[in-house]
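Below, each chain spelled out in residue letters.
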Amino acid sequence: MEFPHIEDKIRFLEECITELEKQLRLREEQREQFLLEIEEKVLDIRNEMYRLGDPIPQTPLRTALEHEIKNLERERRSTEVEFWRDVNELRRDLRQLKKEYRSVRAGAIWSKK
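Residues numbered from 1 in each chain as written. Predicted model: local features only at pLDDT ≥ 70, side-chain atom pairs only at ≥ 80, totals over all residues. Heavy atoms only, no water.

**Some remarks on the side chain of Thr79**
Moving on, step 1. Position of Thr79 relative to the elements: it lies in helix H2 (residues 60-112).
Moving on, step 2. Beyond its immediate sequence surroundings of up to four residues, Thr79 is in contact with Phe34 and Leu35. (Helix = DSSP H or I, 4+ residues; strand = E, 2+ residues; numbered from the N terminus. Contact = heavy atoms within 4.5 Å.)

As structure tokens, this is what we get:
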């Protein structure tokens with residue numbers, strides 16, 4: 001992208017940096033909410049199993065409940081990995097933008113002297 005004035009490029013980079021920082025915070029909030037929902041589902045299933053008695057006899061219902069817990073735990077792990085990849089990519093982009101921003105600002109300062 002071409003900018004007629006260096007100040008325009010600096011302003012654009014500042015906006016991009018702000019947006020990426022906002023996206024990082026949003027991802028963290030989404031992750032926390034999603035993991036909380038999974039944990040609540042697991043707790044609901046465990047409570048259902050507890051209501052069925054302790055120890056629960058091996059029944060199709062128990063097997064289904066245990067299977068559901070395993071699926072939720074798998075989903076949680078998958079979410080953590082996806083989050084980690086996504087956040088690392090955003091952080092890498094943010095570092096590159098900040099590096100470019102510092103370089104452009106330094107160039108602007110030197111060109112004014």
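**A word on the environment of Lys22**
Moving on, step 1. With respect to the helices and strands, the residue Lys22 is situated in helix H1 (residues 6-52).
Moving on, step 2. Assessed through its relative accessible area of 48%, Lys22 is described here as partly exposed.
Moving on, step 3. In the structure, Lys22 is positioned 10 residues away from Glu32 in sequence and 16 Å away in space, judged by C-alpha atoms. (Buried < 20%, exposed > 50% of the residue type's maximum accessible area, 1.4 Å probe, protein only.)

**Things to note about the pattern of salt bridges**
When their charged atoms lie close together, side chains carrying opposite charge are able to pair.
Moving on, step 1. The final tally for this structure, using the stated rule, is 10 salt bridges.
Moving on, step 2. Notably, a salt bridge pairs Asp8 with Arg11, separated by 2.8 Å at the nearest N-O pair. You can see Asp8 and its partner Arg11 sitting in helix H1, 3 residues apart, about one turn around the helix.
Moving on, step 3. For Asp8, a relative accessible area of 25% gives the class partly exposed. (Salt bridge = Lys/Arg side-chain N within 4 Å of Asp/Glu carboxyl O.)

**Describing a negative patch on the surface**
Moving on, step 1. Judged by side-chain charge, Glu37, Glu39, Glu40 and Asp44 come together as a negatively charged surface patch.
Moving on, step 2. Inspection of the secondary structure assignment puts Glu39 in helix H1.
Moving on, step 3. What makes Glu39 partly exposed here is its relative accessible area of 39%. (Patch = residues over 30% accessible without salt bridge, like charges linked within 9 Å, V, L, I, M, F, W, Y side chains within 5 Å. Areas by Shrake-Rupley, 256 points an atom, 1.4 Å probe, with all protein chains shown as cover. Lys, Arg positive; Asp, Glu negative; His and termini not counted. Charge placed at Lys NZ, Arg CZ, Asp CG, Glu CD.)

**A closer look at H1**
Moving on, step 1. If you check H1, its first and last C-alpha atoms are 69 Å apart, about what 47 residues at 1.5 Å a residue would give, namely 69 Å.
Moving on, step 2. Inspection of H1 places Ile10, Leu13, Ile17, Leu20, Leu24, Arg31, Leu35, Ile38, Val42, Ile45 and Met49 among the buried residues, and these make up the whole buried set.
Moving on, step 3. Once H1 finishes, Gly53 follows within two positions and takes phi at roughly 120°, a positive value. (Expected span 1.5 Å × (residues − 1).)

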